[in-house]
Amino acid sequence: MTLPRPEVDIGRVMAGLEALARASDAEPPAVTRIVYTVADLAGRDQIKGLCADTGLAVREDPIGNTFARWDGSRPDLPAVGTGSHIDAIPHSGRFDGTVGVLGALEAIRALKRDGFRPERSIELILFTAEEPTRFGIGCLGSRALCGALTPEAMTALRDNDGRSLDEVRRDAGFTGDLADVRLREGSYAAFVELHIEQGPILEREGIPIGIVTAIAAPAAIRVTWEGEGGHAGAVLMPGRRDALCAAAEAVLAVEAAALSHGGADSVATTGVCRVHPGAINSIPDRVSLEIDIRDTGLGTRDRVVAAVRRAIDEIAGRRGVRARVEPLNADPPAAMAATVREAIRSACDALGLASRPMISRAYHDALFMARLAPTGMIFIPCRGGISHRPEESSEPGEIARGIAVLAMALARLAGAEGARPGQSIGCR
Ligand code: GLV
Ligand code: MN
Ligand code: MN
């Protein structure tokens, strides 16, 4: 198959990133775009508008996963998927996820400009709520697409204000039966996600493209501590059952568990602490912690989770404070498909770009798309390896190279109209 040489219009992509960054609830350069807020819906409108301008057919599912399809000459065949997310955690940057959405759109535009006509349809997916900020669970949209999150489990989800997912998504305009979210097996022949590395390796080694081999295994738990409140001045120290003091010990135990029970790849973070009633002159009676634990190896990850749970029990018993542990997720790692990795590698070769295999320590929608189709990821460098902060940054040239690789990989996976059968690569 003769592969196209797509020309990337990086000015248009950077303008799209700039415009998207303005759909935010934070002061620039920070970005906050939580799922189903006005900012999120404004960002989605921008993307849907750009997809329509590109001649893609757009549809949304009952939770807002958005699909923009470029029909191939064989629409009867499973499509090749690409895409990422646009939701952004509080006070973060403008490149996480968005590069994979606007980059996929530009890859499609570049292939179109080049006169390429795919055999399989190519479908851009904007996944709902990759970030766990609102509902406590990461990759909500892709998790539901592959059936790892059932309609019953979706119905049980509550946001930080106690509002149900069902209520909030309806208010945002996404109605329809939750049972219709799950995709059929075989809906996609392959899936490729472009993303910033969110780590320092590519920049440090001066390599423009990372080819992900596997995505590390993430787990998360919520711990609700219940002690006894009271007047901060009137209740003497002996016999206090301060929920925040117990939680504070637990935060340090989380760090200690990763260091003493994990391996070199174990990480554990307490990123959320909510204190009730949250008044300086009131003893905290209820505290909720959200704890994120990851490793490249499932066994090591679970060892750290178990150590954290033991520490919580011990602290609760000693302090006379009740601790309720709620597992939010415990996902296995995902291996990236050799066929998709090969399509990415040969795109790098054709473009004369160096690449290296690498592990993704962050999770991505690709973690769940890998359950539906052979999946791969393209990483590009980001400055200082910084992510989930306003300083997050990737150079236009780096983004352009990622998009060119994505475009060529998509062309290879989708196959060209009129190519001999079997000339598309890595598709089932
Ligand atoms: C995704 O944002 C992650 O937390 O890995
Ligand atoms: Mn993120
Ligand atoms: Mn992301």
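Peer 1: Just to check I follow, could you spell out the pairing of strand β7 (residues 188–196) for this structure?
Peer 2: The side chains of a regular strand alternate, residue by residue, between the two faces of the sheet. In terms of residue burial, β7 counts as a mostly covered element, since nine of its nine residues are buried. As judged from the four bridges shared by strand β4 (residues 79–85) and β7, these two strands associate in the parallel manner. Within β7, the residue paired with Val80 across the bridge is Ala190. Bridge count between β7 and strand β17 (residues 375–380): six bridges; the pairing is parallel. Across the sheet, the residue bridging to Glu193 is Met377, located in β17.

Peer 1: I tried to follow the environment of Gly72 on my own but got confused; where do I start?
Peer 2: Tracing the backbone through its elements, the reader meets Gly72 in the loop between β3 (66–70) and β4. Ignoring anything within four residues of it in the chain, the contact list for Gly72 reads Arg117, Pro118, Glu119, Arg120 and Ser121.

Peer 1: Before we go on, may I ask you to explain the pattern of salt bridges in this structure?
Peer 2: Pairing between side chains becomes possible if they bear opposite charge and their charged atoms approach one another. Under the defined criterion, the tally for this structure stands at 31 salt bridges. Note that Arg134 and Asp159 form a salt bridge whose closest N and O atoms lie 3.0 Å from each other. Here Arg134 is found in the loop between β6 (122–127) and α4 (140–145), whereas its partner Asp159 is found in the loop between α5 (151–156) and α6 (165–171), with 25 residues between them in sequence. The two residues Arg134 and Asp159 agree in class, both being buried.

Peer 1: Which parts of the structure should I look at to understand the coordination of the manganese ion (ligand 2)?
Peer 2: Within the first shell, the manganese ion (ligand 2) binds the protein through Asp96 (OD), Glu131 (OE) and His388 (NE2), at distances of 2.0 to 2.1 Å. For the manganese ion (ligand 2), all donor residues lie on one chain, and their spacing in sequence is D-x34-E-x256-H.

Peer 1: Please explain the sheet that holds strand β13 (residues 286–295) as it appears in this structure.
Peer 2: Picture the strands of a sheet paired through backbone hydrogen bonds; they go either parallel or antiparallel. Strand order in the open sheet made by the four strands is β11-β13-β9-β14, with antiparallel pairing throughout. Bordering the open sheet on either side are β11 (267–276) and β14 (322–330), each of which pairs with just one other strand. Taken pair by pair, the neighbouring strands of this sheet meet at an average axis angle of 15°, ignoring direction. Summarising the sheet, β11 and β13 pair through nine bridges and their orientation is antiparallel. Its bridge partner being in β13, Val267 is matched across the sheet by Arg294. In this fold helix α9 (residues 298–319) packs onto β9 (217–226), β13 and β14, with an angle of close to 5° to the strand it touches most, β9.

Peer 1: Which parts of the structure should I look at to understand the coordination of the manganese ion (ligand 3)?
Peer 2: For a metal bound by four donors in a tetrahedral arrangement, the ideal donor-metal-donor angle is 109.5 degrees, while six donors in an octahedral arrangement ideally sit at 90 or 180 degrees. Within the protein, the manganese ion (ligand 3) binds to His85 (NE2), Asp96 (OD) and His195 (NE2); these donor distances fall in the range 2.0 to 2.3 Å. Spacing between the donor residues of the manganese ion (ligand 3) along their common chain follows H-x10-D-x98-H. Between the two metal centres, the manganese ion (ligand 3) and the manganese ion (ligand 2), the spacing is 3.7 Å, with Asp96 acting as a shared donor. Taken as a pair, Asp96 in the loop between β5 (88–92) and α3 (98–113) and His195 in strand β7 lie far apart in primary sequence, 99 residues in all. For the residue pair Asp96 and His195, the accessibility class agrees, reading buried in each case.

Peer 1: Would you mind going over the site of ligand 1 with me for this structure?
Peer 2: Surrounding ligand 1, one finds Glu130, Glu131, Arg294, Ala362, Tyr363 and His388. One nitrogen or oxygen atom from the side chain of Glu131 is found 3.0 Å from an oxygen atom belonging to ligand 1. Measuring from an oxygen atom of ligand 1, one finds a backbone N or O atom of Tyr363 at 2.8 Å. Partitioning the shell around ligand 1 into residue classes produces two nonpolar, one polar and three charged.

Peer 1: Explain the packing of helix α8 (residues 243–261) against α9 to me, please; I cannot follow it from the model alone.
Peer 2: The relative placement of two packed helices is expressed as an angle between their axes plus a distance between the axes. Remark: α8 packs on α9, axes separated minimally by 9 Å, with the N-to-C direction vectors making an angle of 150°. Considered as vectors, α8 and α9 are oriented roughly antiparallel to each other. Crossing of α8 against α9: the hand is right-handed. Along the contact surface, α8 presents Cys245, Ala246, Glu249, Ala250, Ala253, Val254, Ala257, Ala258 and His261, while α9 presents Arg303, Val304, Ala307, Val308, Arg310, Ala311, Ile315, Arg318 and Arg319. The residue inventory of the contact of α8 with α9, partitioned by class, reads twelve nonpolar, one polar and five charged.

Peer 1: I keep staring at unusual backbone geometry and nothing clicks. Help me out?
Peer 2: Outside of glycine, negative phi angles account for most residues, and trans bonds account for most peptide bonds. That bond from Pro28 to Pro29 is cis: its omega, 5°, falls within 30 degrees of zero. Mapped onto the elements, Pro29 comes out in the loop between α1 (10–22) and β1 (31–33). Note the cis peptide between His276 and Pro277, where omega equals 5°. Along the chain, Pro277 turns up in the loop between β11 and β12 (282–283). Despite not being glycine, Gln198 has its phi angle at roughly 65°, a positive value.

Peer 1: Would you take a moment to explain the domain arrangement of the protein chain for this structure?
Peer 2: Many authors give the size of an interface as the accessible area that is lost as the parts come together. If you check the domain split of the protein chain, you get domain 1 (10–216 + 333–414) and domain 2 (217–330). Computed from C-alpha atoms alone, the centre-to-centre distance between domain 1 and domain 2 is 32 Å. Contacts between the two partners involve 13 residues from domain 1 and, on the opposite side, eleven residues from domain 2. Across the interface of domain 1 and domain 2, roughly 980 Å² is buried in total on both sides, 51% from carbon and sulfur atoms. For the domain 1 face of the interface with domain 2, the top three residues by lost area are Ala216, Pro333 and Arg361, together amounting to 42%. Along the contact surface separating domain 1 from domain 2 lie one salt bridge. Ionic pairing is found between Asp265 and Arg361, a salt bridge with its closest N-O pair at 2.9 Å. At the junction of domain 1 with domain 2, the criterion picks out two residue pairs in polar contact (both at pLDDT 80 or more).

Procedures and definitions
Sequence order as written defines residue numbering, which begins from 1 separately in each chain. Whichever chain is written first becomes A and whichever ligand is written first becomes 1, with later ones labelled in order. The predicted nature of this model means local features are confined to residues of pLDDT at least 70 and side-chain atom pairs, given and counted, to a pLDDT of 80 or more, with totals for whole chains, interfaces and linings taken over all residues. Calculated side-chain values reflect all of the structure's heavy atoms, with hydrogen atoms and water omitted. Throughout, exposure labels follow a simple rule: accessible area from a 1.4 Å probe, protein chains only, divided by the maximum for the residue type, with under 20% read as buried, over 50% as exposed, and the rest as partly exposed. A run of H or I in DSSP becomes a helix once it reaches four residues, and a run of E becomes a strand once it reaches two; helices and strands are each numbered from the N terminus. Here, a strand pair is defined by DSSP locating no fewer than two bridges between the strands. Throughout, a contact is declared for two residues whenever any of their heavy atoms are within 4.5 Å. We define a salt bridge as a side-chain nitrogen of Lys or Arg found within 4 Å of a carboxyl oxygen belonging to Asp or Glu. Each metal's donors are the N, O and S atoms within 2.8 Å of it, or within 3.2 Å when it is Na, K or Ca, and because water is not part of the set, sites may look incomplete. Working convention: axes come from line fits to C-alpha atoms, limited for helices to the stretch in contact. Angles between N-to-C directions cover 0 to 180 degrees. Throughout this document, a residue counts as near a molecule or strand when at least one of its heavy atoms sits within 4 Å of that molecule or strand. Polar contacts here mean pairs of N or O atoms no more than 3.5 Å apart (in protein, one a potential hydrogen donor and the other a potential acceptor; neighbouring residues in sequence count only if both atoms are side-chain atoms). Just so you know the grouping, Ala, Val, Leu, Ile, Met, Phe, Trp, Tyr, Cys and Pro go in nonpolar, Asp, Glu, Lys and Arg go in charged, and all remaining residues, Gly too, go in polar. Roughly parallel refers to an angle under 35 degrees, roughly antiparallel to one over 145, roughly perpendicular to one between 65 and 115, and oblique to any angle outside these ranges. Left-handed describes a crossing in which the near helix is turned anticlockwise from the far one by less than a right angle; the clockwise case is right-handed. As used throughout, domain bounds are those supplied by an automatic or database domain assignment. The term buried area means the drop in 1.4 Å probe accessible area that two parts suffer when joined, counted for both and summed.

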